[in-house]
Amino acid sequence: MGTPDEVLAFWLDECTPADWYKSDPVFDAKIKDKFGPTWKQATEGALGLWLTYPSGTLAYIILTDQFPRNMFRDQGRAFETDDLARAAAKMAIERHWDMKIDEPARQFFYLPLMHAENLCDQDRAVRLIHTRMPQSGAANAPHAQAHRQIIRDFGRFPYRNAALGRRSTEAEQEFLASGGYGGVFKSIQNTENLSDIVEAD
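Scoring rules and cut-offs
Starting afresh in each chain, residues are numbered from 1 along the sequence in its written order. Per-residue local features are limited, in this predicted model, to residues with pLDDT of at least 70; the limit for side-chain atom pairs, both in listing and counting, is 80 or more; totals at the level of whole chains, interfaces and linings are taken over all residues. Side-chain metrics rest on all non-hydrogen atoms present in the structure, leaving aside hydrogens and water. Numbering goes from the N terminus for both helices and strands, where a helix is a DSSP run of H or I of at least four residues and a strand is a run of E of at least two. The atom set for the radius of gyration is the C-alpha atoms, and the globule formula is 2.2 Å times the number of residues raised to the power 0.38. Polar contact criterion, stated in full: a pair of N or O atoms within 3.5 Å, where within protein one must be able to donate a hydrogen and the other to accept it, and residues adjacent in sequence count only if both atoms are side-chain atoms. Whether two residues are in contact is decided by their heavy atoms, any of which lying within 4.5 Å being enough. The salt bridge definition used is simple: a Lys or Arg side-chain nitrogen within 4 Å of an Asp or Glu carboxyl oxygen. Throughout, exposure labels follow a simple rule: accessible area from a 1.4 Å probe, protein chains only, divided by the maximum for the residue type, with under 20% read as buried, over 50% as exposed, and the rest as partly exposed. We define a nonpolar core as any set of buried Ala, Val, Leu, Ile, Met, Phe, Trp, Tyr and Cys residues linked to one another through side-chain atoms lying within 4.5 Å. Here an axis means a line fitted to C-alpha atoms, over the contact stretch when the element is a helix, while the angle between two N-to-C directions is reported on a 0 to 180 degree scale. Should an angle fall under 35 degrees it is taken as roughly parallel, and over 145 as roughly antiparallel, whereas 65 to 115 is taken as roughly perpendicular and any remaining angle as oblique. In this scheme the handedness of a crossing depends on how the near helix is turned from the far one: anticlockwise by less than a right angle means left-handed, clockwise means right-handed. Just so you know the grouping, Ala, Val, Leu, Ile, Met, Phe, Trp, Tyr, Cys and Pro go in nonpolar, Asp, Glu, Lys and Arg go in charged, and all remaining residues, Gly too, go in polar.

(A) How the structure looks around the overall build of the protein. Regarding its fold elements, the protein presents 12 helices and 0 strands. Counted from the first residue to the last, the protein has its helices and strands arranged as α-α-α-α-α-α-α-α-α-α-α-α. Taking 2.2 N^0.38 as the reference for a compact globule, 201 residues should give roughly 17 Å; the C-alpha atoms of the protein span a radius of gyration of 17 Å, in line with that estimate. With respect to the principal axes defined by its C-alpha atoms, the protein has extents near 45 × 35 × 25 Å.

Dropping the structure here:
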């Protein structure tokens, strides 16, 4: 079984921020090989001790929120442990454990909320990125706003529909055909509607 320190050393030290969000089959396979068994143990409830301190919780969130998106890219399993990650993130945020982790790693406490198909969680993600990431929040804010706008419009992320076996509506099909997430992100980036961040709750 992998350890919290091994997860953090790999994700935060060996990898670069560019690695965190790239689509690369070789990189995805590396994560699955190194951490697939540990992720499986998380699904079985075996990593409770990780959730007893800030850096352990951060490692748990990365393991259950970030790694599945690499290990199971374009599959429904990519979202299988989102609920575990979101519960851990909310617990850590309530205890202000996120503030014990330096930026930019702090963002991983907020991404499970940004990944939620729930508007309340989306609003909270936007607010936290704005208020608790003074150094790097400006770079993350447009992404948070884009995720929230999609949930406002559709109540779910249409680009997950194929992986999850969901049928897309006509409006969702039009959204995907016209650029999907990238189109929303560019629109928000151009308008830079920061007042919308401040007012979110």
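(B) A look at the side chain of Asp65. Looking at the secondary structure, you find Asp65 in helix H4 (residues 54-71). For Asp65, the side chain forms a polar contact with the side chain of His115, separated by 3.0 Å. Sequence-distant contacts of Asp65, that is, excluding residues within four places in its chain, are made with Asp82, Ala85, Leu111, Pro112 and His115.

(C) Up close: the pattern of salt bridges. A full pass over the atoms with the stated rule returns 15 salt bridges. When the shortest N-O distance is used, the salt bridge between Lys22 and Asp24 registers 3.8 Å. Looking at Lys22, the relative accessible area reads 29%, which means it is partly exposed. With a shortest N-O distance of 3.7 Å, Arg106 and Glu103 are connected by a salt bridge. Overall, Arg106 belongs to the buried group, its relative accessible area being 8%. Accessibility expressed as a relative area gives 15% for Glu103, which makes it buried. Within this structure, Asp83, Arg86, Lys90 and Asp121 form a network of salt bridges that share partners.

(D) Inspection of the nonpolar core at higher detail. Core analysis: the biggest nonpolar cluster contains 42 residues, and Phe10, Trp11, Leu58, Ile62, Leu63 and Phe67 have the highest contact counts within it. For this core, the elements supplying multiple residues, two or more each, are helix H1 (4-14), helix H3 (25-43), H4, helix H5 (82-94), helix H6 (111-114) and helix H7 (119-132). Discounting chain neighbours no more than four positions away, the residues touching Phe10 are Cys15, Phe27, Lys30, Ile31, Lys34, Phe35 and Phe67. One finds Ile151, Phe175, Val184 and Ile188 within the second-largest nonpolar core, a separate group that totals 8 residues.

(E) Region of interest: the packing of H3 against H4. In contact at an axis separation of 9 Å, H3 and H4 are set at 135° when each is read in the N-to-C sense. Here H4 runs oblique to H3, going by the angle between their axes. The two elements H3 and H4 cross, and the hand of that crossing is left-handed. Each of Phe27, Asp28, Ile31, Lys32, Phe35, Gly36, Thr38, Trp39 and Ala42 in H3 lies in contact with H4, whose residues at this interface are Tyr60, Leu63, Thr64, Phe67, Pro68, Asn70 and Met71. Residue composition of the contact of H3 with H4, by class: 10 nonpolar, 4 polar and 2 charged.

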